[in-house]
Amino acid sequence: PLCTLKYFPHSHEHTIQWAKNAFDNFFGVEVDELSAYIEKGRAFVVEGSRTGASKLSLIKTLRVNLSIIASASYSDCLRWGIVTFLRLFQANIAALLRRFPRNMVTSSGAPFWGGPKRRPSPLLLDLDNSEQRRFVILAARLRARSLGIHVNHSIENDLSSLAGSIDMELLNDSDVELGGIQGEVDIGRGSQAEVSEETIIEECRTLPDTRPVCGQLLPIFFGGEGKKEVHIDFVMAAANLRGKCYEIEASDRYTVQSVAEKITPALVTSTSVVSGLAVLEMIKVLQEKKLEFHRNSYFNLALPFFTSSMPSPPVSRYHGDHKWTVWSNIQINGDKDLTLREFLDAFKSKFGLSVSMISCGVSMVYSLFAPKRRISERLRMTMTRIAVEVGKVKLSPCQRYLVFEVFAEDETGNSVETPHVLYTLAKP
């Protein structure tokens with residue numbers, strides 16, 4: 001789930017994916033947004049699709065990047081690297097701990113921190129520490145390259161004096177977004193996301209309305225053009241520093257590359273055998289054979305070794321009169337497009353469960369952590385509209401279903417694992 005990556009990681013896969021997202025956001029998305037602003041001016045912000053705190057965050061990001069390209073100074077890139085370290089591994093972690101203190105308990109009385117939720121600790125800035133120094137320098141070099149600024153290696157040995165010149169007001173609570181990466185929902189300060197239109201307009205006026213003179217902007221996305229070794233270096237540095245915050249074991253370069261690039265080593269011959277065995281099992285499915293006719297197969301062509309066994313039935317989960325397996329799904333049908341409120345009521349009526357979060361694709365479209373104003377707005381929206389506008393789902397003319405992942409709790413406040421929801425689209 002998205003909240004696990006952003007707030008509650010507990011494995012190196014989570015920290016590596018988080019670092020990869022950070023890479024794409026800092027050096028790809030932000031540079032694309034800067035290019036759009038330079039081309040369109042303030043109209044890009046005012047007429048953009050973002051709203052509320054998300055738009056305010058965009059303005060602040062543009063202001064920082066515009067000041068860097070205005071100075072065309074590598075020193076400012078190094079300062080940005082230091083501020084980014086402080087924000088990701090100190091300020092955001094401290095904000096999360098203020099929102100969820102050490103002694104916090106759930107509605108059922110169980111400790112909030114425990115099990116998969118690891119309580120993090122902020123990192124203190126120590127530029128003599130090789131890992132922290134490496135992160136700052138890699139971040140600065142990538143920022144300079146993406147903004148068309150010359151990298152001056154000679155001043156990288158003077159990071160301490162640059163850190164002393166940073167205005168720590170940049171890290172006050174009003175600027176902290178929990179998670180630090182493309183986060184729309186701030187679970188630390190709910191009121192922070194409620195930003196008036198007047199505030200947006202006033203902040204937008206602080207942006208220069210003239211096009212700055214700058215070098216060639218180069219959006220850098222992970223695995224794209226350029227030195228991919230540097231991409232891996234940054235992701236490894238960021239992932240391992242986040243791992244220190246959450247006491248997760250550090251990852252080596254091979255592990256980082258395997259997870260970030262989704263590398264699955266496989267021999268062509270092994271792949272062909274697996275494909276053949278899979279097709280045989282699919283034929284049995286089409287013939288509606290009973291479970292005892294199916295087989296799990298294991299082989300090692302290097303030995304050679306080959307064996308098979310009869311599969312076990314899928315593990316069943318129960319809630320009241322309901323039984324679910326890994327193959328189950330929940331279908332919610334209706335003659336009309338339900339609003340979010342009607343969807344929540346239907347889920348509560350059918351299963352006796354209260355929904356705490358709903359995700360669609362990679363987007364969290366509903367959360368109890370969200371500001372009340374945003375929850376009130378979305379409760380009146382239809383599920384299809386939420387999927388399209390919030391989840392960025394592109395509907396095809398022949399599409400019949402939307403898939404939602406639902407996180408629910410029973411009457412005692414305990415989490416109940418439910419299958420994904422197939423929401424039937426209303427007929428036009």
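Scroll up a little and you will see the structure.
Rules and cut-offs
Residues numbered from 1 in each chain as written. Predicted model: local features only at pLDDT ≥ 70, side-chain atom pairs only at ≥ 80, totals over all residues. Heavy atoms only, no water. Helix = DSSP H or I, 4+ residues; strand = E, 2+ residues; numbered from the N terminus. Buried < 20%, exposed > 50% of the residue type's maximum accessible area, 1.4 Å probe, protein only. Contact = heavy atoms within 4.5 Å. Areas by Shrake-Rupley, 256 points an atom, 1.4 Å probe, with all protein chains shown as cover. Pairing = 2+ DSSP bridges. Phe/Tyr/Trp six-rings, centres within 6.5 Å; stacked < 30°, edge-to-face > 60°. Lys NZ or Arg CZ within 6 Å of the ring centre and 35° of its normal. Axes fitted to C-alpha atoms, helices over the stretch in contact; angles between N-to-C directions. Parallel < 35°, antiparallel > 145°, perpendicular 65-115°, else oblique. Left-handed = near helix turned anticlockwise from the far one by under 90°. Nonpolar A, V, L, I, M, F, W, Y, C, P; charged D, E, K, R; others polar. Core = buried A, V, L, I, M, F, W, Y, C linked by side-chain atoms within 4.5 Å. Patch = residues over 30% accessible without salt bridge, like charges linked within 9 Å, V, L, I, M, F, W, Y side chains within 5 Å. Salt bridge = Lys/Arg side-chain N within 4 Å of Asp/Glu carboxyl O.

## Here's the deal with the overall build of the protein chain
Now for step 1: The helix and strand tally for the protein chain stands at 14 helices and 10 strands.
Now for step 2: The buried share of the protein chain, reckoned over its 428 residues, is 42%.
Now for step 3: Residue pairs in contact within the protein chain that sit at least 24 positions apart in sequence constitute 69% of those at least 6 positions apart.
Now for step 4: Just so you have it, the protein chain exposes about 23,500 Å², and 54% of that area is on carbon and sulfur atoms.

## Observations concerning the pairing of strand E10 (residues 421-424)
Now for step 1: Here E10 shows a buried face lined by Val421 and Tyr423 and a second buried face lined by Leu422 and Thr424.
Now for step 2: As judged from the 3 bridges shared by strand E5 (residues 330-332) and E10, these two strands associate in the parallel manner. Bridge pairing links Ile330 to Val421 in E10.
Now for step 3: Inspection of the sheet shows strand E8 (residues 401-409) paired to E10 by 4 bridges, in the antiparallel sense. Residue pairing in the sheet places Val403 in a bridge with Leu422 of E10.

## Comments concerning the packing of aromatic side chains
Now for step 1: Taken as a whole, this structure holds 27 aromatic pairs when the rule is applied.
Now for step 2: In this structure an aromatic cluster arises from ring pairing among Trp18, Phe23, Phe26, Phe27, Trp80, Phe85, Phe89, Phe135, Phe222 and Phe234.
Now for step 3: Lying over the aromatic face of Phe293, Lys289 brings its terminal NZ or CZ to 5.4 Å of the ring centre.

## Describing the packing of helix H5 (residues 74-99) against helix H9 (residues 228-245)
Now for step 1: Contact pair H5 / H9: the axes reach a minimum separation of 11 Å and the direction vectors enclose 20°. Relative to H9, the element H5 lies roughly parallel. Seen along the crossing, H5 lies across H9 with a hand that is right-handed. Contacts from Phe85, Phe89 and Ile93 of H5 reach H9 at Ala238, Leu241, Arg242 and Cys245.
Now for step 2: Here the residues of the contact of H5 with H9 sort into 6 nonpolar, no polar and 1 charged.

## Digging into the nonpolar core
Now for step 1: Residues Val45, Phe89, Phe135 and Phe234 are the most contacted members of the largest nonpolar core, which totals 77 residues.
Now for step 2: The dominant element in this core, judged by the number of residues it contributes, is H5, at 13 residues.
Now for step 3: Ignoring sequence-local partners within four residues, the contact set of Phe89 consists of Trp18, Pro122, Leu123, Phe135, Ala238, Leu241, Arg242 and Cys245.
Now for step 4: Core analysis: the second largest hydrophobic core is formed by 31 residues, Phe351, Phe404, Val406 and Val416 among them.

## Examining a nonpolar patch on the surface
Now for step 1: Together, Val279, Leu280 and Ile283 give the surface a local cluster of nonpolar side chains, amounting to about 260 Å² of exposed area.
Now for step 2: Here Val279 is to be found in helix H11 (residues 268-286).

## A short note on the pattern of salt bridges
Should their charged atoms come close, side chains of opposite charge can pair.
Now for step 1: Per the stated rule, a full pass over the model turns up 12 salt bridges.
Now for step 2: With a shortest N-O distance of 2.8 Å, Glu30 and Arg143 are connected by a salt bridge. With Glu30 in helix H2 (residues 12-40) and Arg143 in helix H6 (residues 130-146), the pair connects residues that are 113 residues apart, well separated along the chain. Like Arg143, Glu30 is buried.
Now for step 3: In this structure, the salt-bridge partner of Asp233 is Arg134, at a minimum N-O distance of 3.4 Å. Within this pair, whereas Asp233 is found in helix H9, its partner Arg134 is found in helix H6, the two being separated by 99 residues in sequence.

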